[in-house]
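Observations on the three-dimensional arrangement
Chain residues, written in single-letter form:
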Amino acid sequence: MKILVTGGLGFIGSNFIRHLLSRRKQASVVNLDALTYAGNPANLADLQDDPRYRWVKGDIADPKAVEAAMAGAEAVVHFAAETHVDRSILDASRFLRTNIVGSQVLFDAALRHEIGRFIHVSTDEVYGSVPKGFSKEGDRLEPNSPYAASKAASDLLARSYFVTHKLPVIVTRASNNFGPYQYPEKALPLMITNWMDGEPFPLYGDGLQVRDWLYVVDHARAIDLLIDKGQPGEIYNIGGTFHCNNRRIIEETRRLMGVSEGLVKPVADRPGHDRRYALDCRKLKALGFKHEYAFRQALAATVDWYRAHQSWWRPLKKRGGYKSYYSRQYGGRLAAKP
Ligand code: NAD
Ligand code: TYD
């Protein structure tokens, strides 16, 4: 099976390609990735001599680049996106172009190429903040950040291409991923790498925001299963194994790394910060999906990975500064207590 993967030089896409090619010996992958700040060829350096893998540099919003990359593909797995909520607060324009227009360009090309299976990778953030209970796939969308709104728009576009054009598209909505190769602006890698340097982690607001933590390899396994077993036109939630607030994640990581309590710095809250995400994953589990990685074991493996791969993340942090992107932009607010 020849698969077009978009955004495969990013965090989840690179983990997915590695998983897919190790599991499906007959598969080949063309990886269409524009190499934005979040993309990194080093994420798949181990595959550079594998004849089943090829990276094509190109923008998903460019119809010509998409047309060439999709030639001969039987399936598409679409990860490429602008993904960081804090950046979308500061400037939403790239989010709309890549996440909405880019998805539309891919959907149109997929119709022309008669793609048999299109996995549109989305997020639990489209449901907005859920004070209690668990979001089901049919729940209304109430995105609160420009990032989440751009993903919700592309989810609705996917639905319309299924209804109107019979595009065999499946939408997946995953919770917060963690694991190797995650860009160190997201909470967990920022925390781990800051602490390795004795720097504080900037905690937004009261730190009682709840997230559902999913190990990236389990996410890759779920998508792999949906290529075979997912139903076109359907949406599948992909949740994690550890549902907790940010203070608890800090505690878990702090204990694992042997770091003092002082290395957390309360800062002003993120505007529009969602209090709680929670997914009902019974639909995915009914297809036979089981998580393979327990949270603590996966967190320990992730910390070990960042300890062993300093040559991977140090240049990225040097380029972007060690503080979170949001704190860096709002330097004056960094010291503000919630
Ligand atoms: P990432 O930011 O690590 O990587 C994004 C990749 O897309 C990069 O390699 C980048 O170069 C590429 N890209 C960006 N714009 C592009 C464009 N216009 N054309 C081609 N390539 C482009 O992202 P990630 O965290 O791996 O997320 C991948 C997908 O999973 C996204 O669609 C995201 O919304 C979704 N998702 C992420 C999480 C999470 O916790 N990270 C959770 C649920 C869903
Ligand atoms: P993040 O990794 O940005 O994912 P998302 O906002 O998409 O869930 O953040 C995870 C949680 O950690 C979220 O509640 C925001 C919080 N956070 C901080 O407290 N400080 C930080 O520097 C960052 C980046 C995130």
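Sequence order as written defines the numbering, with residues in each chain counted from 1. For naming, the first written chain is A and the first written ligand is 1, with later ones following in the order written. At least 70 in pLDDT is required for a residue's local features to be given in this predicted model, at least 80 for side-chain atom pairs to be given and counted, and no such filter applies to totals for whole chains, interfaces and linings, which use all residues. Hydrogens and water molecules were not included; the side-chain quantities draw on all heavy atoms of the structure.

Some points on the site of ligand 2
We call a residue near a molecule or strand when any one of its heavy atoms sits within 4 Å of it. Around ligand 2, the surrounding shell holds 18 residues, and the nearest of these are Glu 125, Pro 202, Arg 211, Arg 270 and His 273. A 3.5 Å cut-off defines polar contacts: any pair of N or O atoms within that distance qualifies, except that in protein one atom must be a possible hydrogen donor and the other a possible acceptor, and neighbouring residues in sequence count only when both atoms are side-chain atoms. A distance of 2.9 Å separates an oxygen atom of ligand 2 from a polar atom in the side chain of Asn 246. Within the complex, the protein chains bury 96% of what would otherwise be the 510 Å² of accessible surface of ligand 2. Listed by contribution, the elements that provide at least two residues to the shell around ligand 2 are α6 (187-196) and β8 (201-204). Among the residues forming the shell around ligand 2, the class breakdown is seven nonpolar, six polar and five charged. Domain delimitation in this document rests on an assignment produced automatically or drawn from a domain database. When we break the shell around ligand 2 down by domain, the ones giving at least three residues each are domain 1 (2-177 + 214-238) and domain 2 (180-211 + 241-272 + 295-328). Per-residue accessibility takes into account occlusion by the displayed protein chains alone, with areas from the Shrake-Rupley method and a 1.4 Å probe. Put simply, DSSP H or I for four residues or longer makes a helix, DSSP E for two residues or longer makes a strand, and each gets a number counted from the N terminus. Any residue that is not Ala, Val, Leu, Ile, Met, Phe, Trp, Tyr, Cys, Pro, Asp, Glu, Lys or Arg is counted as polar, Gly included; the first ten are nonpolar and the last four charged.

Notes on the sheet that holds strand β3 (residues 53-57)
The strand order β3-β2-β1-β4-β5-β6-β10 describes an open sheet built from seven strands, whose pairing is parallel. Of all strands in the sheet, those bounded by a partner on one side alone are β3 and β10 (235-238). Averaged over all pairs of adjacent strands, the angle between their axes in this sheet comes to 20°, without regard to strand direction. Strands are labelled as partners when DSSP assigns at least two bridges between them. Pairing between strand β6 (residues 169-174) and β10: four bridges, direction parallel. Within β10, the position partnered with Thr 172 by the bridge is Tyr 236. By definition, residues are in contact when any of their heavy atoms lie within 4.5 Å. Fitted lines through C-alpha atoms serve as axes, helices being fitted only where they are in contact, and the angles separating the N-to-C directions of these axes extend from 0 to 180 degrees. Relative to strand β2 (residues 28-33), helix α1 (residues 11-23) is tilted by about 170°, and along the sheet it contacts β1 (2-6), β2, β3 and β4 (75-78).

Quick word on the domain arrangement of the protein chain
Domain assignment breaks the protein chain into domain 1 (2-177 + 214-238) and domain 2 (180-211 + 241-272 + 295-328). Inter-centroid distance (C-alpha atoms) of domain 1 to domain 2 is 25 Å. Across the boundary between the two partners, domain 1 contributes 22 residues, which contact 20 residues of domain 2. Between domain 1 and domain 2 lies a buried interface of about 1,900 Å² when both sides are counted; carbon and sulfur atoms form 55% of it. The salt bridge definition used is simple: a Lys or Arg side-chain nitrogen within 4 Å of an Asp or Glu carboxyl oxygen. Here domain 1 and domain 2 share two salt bridges between them. Between Arg 270 and Asp 86 there is a salt bridge; the shortest N-O distance is 2.6 Å. Between the two partners, domain 1 and domain 2, sit nine residue pairs in polar contact (both at pLDDT 80 or more). Elements represented by at least two residues in the side of domain 1 that touches domain 2 include exactly α1 and α3 (85-90). Broken down by element, the residue count for the side of domain 1 that touches domain 2 peaks at five residues, all from α3. When its residues are assigned to classes, the side of domain 1 that touches domain 2 shows ten nonpolar, nine polar and three charged. As a working definition, buried area equals the accessible area (1.4 Å probe) given up by two parts on being put together, with both sides summed.

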